[in-house]
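Here's the letter readout for the chains.
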Amino acid sequence: MIFVPQHDKMDCGPACLAMITSYYGKTFRLAFLRDQSFISKEGVSLLGISEASKKIGLNTISAKLKTQELSNEFLPCILHWNQNHFVVLQKISKNFLNGKTFYKIADPGYGFVYLNEEKFNKSWLSDGEKGVALLLEPSEAFYNYSLPKEKKLSISYLLKYLRPFKVQVWWMFLLLTIGTIITLVFPLLTQKLIDEGVNKRNLSITTYILLAQLAFFFGNIIIDVFRNWMVLFVGTKINIQIISDFLKKLLKLPIKFFDTKFMGDFNQRIQDHERIENFLTSQSLITLFSIITFIAFFGILWYYDFRILVVYMSLTLVSVIWSLYWLKKRKILDYFKFQQRSENQESIYEIINGVSEMKLNQFEDFKRKEWEQIQQRLFKINFRILKLDQIQVSGFDFINQIKNILVTFLSAYFVIKGHMTLGALLSVSYIIGQMNSPVNQLINFFRSLQDAKLSLARLNEVQNNTEEEQENQVPLLSQKYTEQNGIEKGIYFKNVSFQYEGPQSPYVLKDINLFIPDGKITAIVGASGSGKTTLMKMLLKFYEPVKGEIKFNHLNINEVSPTDLRKNCGVVMQDGFIFSDTIERNIATSDENVDYEKLNKALYTANITSFVDDLPLGLNTKIGASGNGISGGQKQRILIARAVYKNPHFILFDEATSALDAENEKIIHDNLQSFFKGKTVIIVAHRLSTVKNADQIIVLKNGEIVEQGNHQELVNKKADYFNLVKNQLELGN
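Residues numbered from 1 in each chain as written. Predicted model: local features only at pLDDT ≥ 70, side-chain atom pairs only at ≥ 80, totals over all residues. Heavy atoms only, no water.

Let's talk about the pattern of salt bridges
We apply this condition: Note on definitions: salt bridges are taken to be side-chain nitrogens of Lys or Arg within 4 Å of carboxyl oxygens of Asp or Glu. Helix numbers and strand numbers start at the N terminus; a helix is a DSSP run of H or I with at least 4 residues, a strand a run of E with at least 2. Here the term buried applies to any residue with accessible area under 20% of the maximum for its type, exposed to any over 50%, and partly exposed to those in between, with areas from a 1.4 Å probe on protein chains only.
On inspection of all chains with the given rule, the structure shows 10 salt bridges. When the shortest N-O distance is used, the salt bridge between D670 and K666 registers 3.2 Å. Residue D670 and its partner K666 are located together in helix α22 (residues 662-676), separated by four residues, close to a single helical turn. Residue classification places D670 among the partly exposed residues on the basis of a relative accessible area of 42%. K666 gets classed as exposed once you look at its relative accessible area, which sits at 54%. The shortest N-O distance in the salt bridge between K701 and D720 comes to 3.2 Å. Taken together, the residues K701 in strand β17 (residues 696-701) and D720 in helix α24 (residues 720-729) connect sequence positions 19 residues apart. Judged by relative accessible area, which is 41%, K701 ranks as partly exposed. Salt bridges sharing partners connect three or more residues here, namely D365, R368 and E372.

With respect to the domain arrangement of the protein chain
Test applied: Domains are outlined according to an automatic or database domain assignment.
Per the domain assignment, the segments making up the protein chain are domain 1 (11-144), domain 2 (155-464) and domain 3 (519-529 + 568-731). Each of domain 1 and domain 3 was reduced to a C-alpha centroid, and the two centroids are 48 Å apart.

A closer look at the nonpolar core
One broad rule of soluble globular proteins: the nonpolar side chains tend to lie buried together. Put simply, the rule reads: For our purposes a nonpolar core is just a set of buried Ala, Val, Leu, Ile, Met, Phe, Trp, Tyr and Cys residues, chained together by side-chain atoms within 4.5 Å. Contact between two residues is taken to exist if any of their heavy atoms lie within 4.5 Å; hydrogens are not considered.
Within the largest apolar cluster, 47 residues are counted, with the highest numbers of intra-cluster contacts made by I587, I640, F653, L672, F676, I683 and Y721. With seven residues, the top contributor of residues to this core is helix α21 (residues 632-646). Every residue in contact with F676, bar those within four places of it in the chain, is listed here: I521, I651, F653, V681 and I683. Core analysis: the second largest hydrophobic core is formed by 35 residues, L33, L46, L58 and L136 among them.

Considering the pairing of strand β9 (residues 521-526)
Test applied: Paired strands, in this sense, are two strands between which DSSP finds at least two bridges.
Counting buried positions along β9 gives six out of six residues, so the element sits mostly inside the fold. Residues of β9 alternate between two faces, with I521, A523 and V525 on one and T522, I524 and G526 on the opposite face, all of them buried. Note: β9 against strand β16 (residues 680-684), four bridges, orientation parallel. When the sheet's bridge partners are listed, T522 is paired in β16 with I682. Bridge count for β9 against β17 is five bridges, and the pairing is parallel. When the sheet's bridge partners are listed, A523 is paired in β17 with I697.

Description of the sheet that holds strand β2 (residues 77-81)
The cut-off we apply is this: Every angle, taken between N-to-C directions, lies between 0 and 180 degrees, and every axis is a line fitted to C-alpha atoms, over only the stretch in contact when it is a helix.
With antiparallel pairing, the six strands of this open sheet are ordered in space as β1-β6-β2-β3-β4-β5. Two strands in the sheet have a free side with no partner beyond their single neighbour: β1 (58-65) and β5 (111-116). The mean angle between the axes of side-by-side strands here comes to 30°, regardless of whether they run parallel or antiparallel. The pairing of strand β3 (residues 85-94) with strand β4 (residues 101-107) spans six bridges and is antiparallel. Note that in β4 the partner of I92 across the bridge is Y103. Most of the contacts of helix α1 (residues 12-23) go to β3, to which it runs at about 40°, and overall it touches β1, β2, β3, β4 and β6 (131-138). Here helix α3 (residues 46-55) sits on the sheet and contacts β1, β2, β3 and β6; the angle it forms with β1, its principal contact strand, is near 155°.

Let's talk about unusual backbone geometry
Cis geometry marks the peptide bond from L75 to P76; its omega dihedral reads 0°. Considering the arrangement of structural elements, one finds P76 in the loop between β1 and β2. Residue D511 is not a glycine yet carries a positive backbone phi of 50°. As for its placement among the helices and strands, D511 is situated in strand β8 (residues 509-517). With a phi close to 65°, K541 is a non-glycine residue in the positive phi region. If you trace the backbone, K541 turns up in the loop between α16 (532-539) and β10 (547-552).

Examining the packing of helix α11 (residues 306-353) against helix α13 (residues 364-416)
As a reminder of what qualifies: Under this scheme an angle from 65 to 115 degrees is roughly perpendicular, one under 35 degrees roughly parallel, and one over 145 degrees roughly antiparallel; angles in between are oblique. The nonpolar class holds Ala, Val, Leu, Ile, Met, Phe, Trp, Tyr, Cys and Pro. Asp, Glu, Lys and Arg form the charged class, and all remaining residues, Gly among them, are polar.
Where α11 contacts α13, the axes come no closer than 9 Å and their chain directions differ by 170°. One element, α11, and the other, α13, form an angle in the roughly antiparallel class. Among the residues forming the contact of α11 with α13, the class breakdown is 25 nonpolar, 12 polar and 13 charged.

Quick word on the state of the cysteines
What counts is decided by this rule: Put simply, a disulfide is two cysteine sulfurs that come within 2.5 Å.
Overall, the coordinates contain zero disulfides when judged by the stated rule. You can see C12 has no disulfide; the closest cysteine sulfur is in C16, sitting 6.2 Å from it. Assessed through its relative accessible area of 6%, C12 is described here as buried. C77 takes part in no disulfide bond, and the closest cysteine sulfur, belonging to C16, lies 10 Å away.

Thoughts on the side chain of N664
Rule in force here: We define a polar contact as two N or O atoms separated by no more than 3.5 Å, with the added condition that, inside protein, one atom must be a possible hydrogen donor and the other a possible acceptor, whereas residues neighbouring each other in sequence contribute only through side-chain atom pairs.
In this fold, N664 is placed in helix α22. Of note is the side chain of N664, whose polar atom sits 2.5 Å from the side chain of N607. If we skip the residues at most four places from it in the chain, N664 touches N607 and R637.

Things to note about α22
Inclusion rule: To estimate how far a helix should extend, the number of its residues minus one is multiplied by 1.5 Å.
Taking 1.5 Å as the rise per residue, α22 with 15 residues should run 21 Å; its terminal C-alpha atoms sit 20 Å apart, in good agreement. Within the sequence span of α22, burial applies to N664, E665, I668, H669, N671, L672, F675 and F676. Buried residues belonging to α22 abut β9, α19 (596-605), α21, β15 (650-654) and β16. Capping the start of α22, D661 holds a side-chain oxygen 3.1 Å from the backbone nitrogen of E663, two or three residues further along.

Let's talk about the pairing of strand β7 (residues 490-498)
Within β7, seven of the nine residues are buried, which leaves it mostly tucked inside the rest of the structure. In terms of strand pairing, β7 meets β8 through six bridges, oriented antiparallel. Residue pairing for β8: Y492 is matched across the bridge by F515. Two strands pair when backbone bridges link them, and β7 and β10 are joined in this way by five bridges, in the antiparallel orientation. Within the sheet, the bridge partner assigned to Y492 lies in β10 and is K551.

Below, the structure written as structure tokens:
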């Protein structure tokens, strides 16, 4: 069984499944299994893992078992661990000496671990007696399942980032070449210094050689200065381009991709790119010239005595193999470190952004201790990495030291026997010292290459995701939309159903048949959790229906360009975002040249003109990210002004006035009525006074439409709508 580490916080389930499939001889991409497992921000469920298993041809049985009921014939299997995690139970064995049972666990967040029965039961048993296990067995369909093709990013993909800097790279190449030649001159000068200067007592030759060494030394310093400048310049430019391309791709992905990710995951991936830049700009070129230097010194050493070279090369090979063995073990720990650093950033982000609520609810100590626990886990991983590094470095240094001593002994022996001059001995000693540096550089190169490949794999997860914008999609207001062809103009929901977590999960929306007429106001009401916001998000192509279809006249929503659809929609969501920018830029978001006539109209409609005028910098006042520094009502008015400024054909308001006082709400409601004329408006609201003038009202309950009509018709029915509004509008019984 191949160990598969989890890449992100929520990947433990798919990682376990990937390990199981590897045991049965097939390697599935973690990203593919993640997509099949219906992961949400709350994590993956056993049901989601089971559904993914069935799709690839594994038969599954979910069971609550006692520890004694587990046996090797069921293994490997997936266990629900500590009530919030999944691991693979690979093997159960008994100690021959004391007869105690041990369990081999593959934890995707830690590695392989052996546990005695007491520790195993503590983590696995959920009710003190039984634990949850998912037993898996391959069917014929599993072996016939064709693995999805993956376009892998290779190191050659990264080399394209060097192409715009050919001139700078050639200059670095030239400087490193000169530096290498200078380095090769030093051992020859050392030999001449001893044999021609010191041994022959020739002061002038000694002086000239020392002055030459000084000149070459200063030349090396100057070359290093210029090279470092160029490495900084090229490295910075490449790093900016890599991260820019990453963000560009990221912003083209569908919303559902972001549903399973945390802030820390993205921050850590961006920081990860520094390792790629370091590999491209520093390690590659330096290692190339280290190898050239090594080969040159190799030839000089052969010239002095091939027996010295054989001893040196044999022990060098042993030291390199030793280092590569430990580097391979270090690879898995890198995933764990990435995950813990991601959690650390997420925790800090939450503490800073939630400081007000923490203080109000005396949550500071709990969150601080939670952060300390993350630091403890990070410390443990860093300690494991340090332990591996120390073993690798200590062994490498020990072998090198033996090598240096043996080579020095051989050289001294040849001098004593008259086979080599004293100058040659010093020259060999110098060469050995210089050859150690390229070997060290080679090991650093392999480490940097490993880091770059791991970062590339994480980059690959984003690059391999399908963009939501496809070539065959058309603009919303295309000919297919504008032609009526005998049907009433508007938006059609036909048998639309939706669920978040796979086929067995509860329906958020079920069999929705709905017509939203063009140019009219449609209100959607219902209790919390009835599916109102989900319905609106489906209209914006954030999610696709599990069943059924949504049409704009004859145009299926799947044929519509998501970018163009949203361009034609003015939207205020419950969780609308205020950017860390000026009020002007928060309203006229994408317009480089602001239309102030439209802007003033938007400010008036949202009743925010007086608020802006009272600010010292007016529209140029900068407000904090997520609306820090302004009230909830002011934030909502800015969001309304943003939607009005776009002046689109479709308006979607989700609880757009919930934070407003009655006076402001009435003013804005009245202002919006003229703005709504001729537009298709969809309003989701709890406060029903904002929807009573709608042309039609849709009542949702448990994801289904239970009533439909205008305000008066629904009130007269005295059913669900009546119960929703009677307290707010004081209708009595």
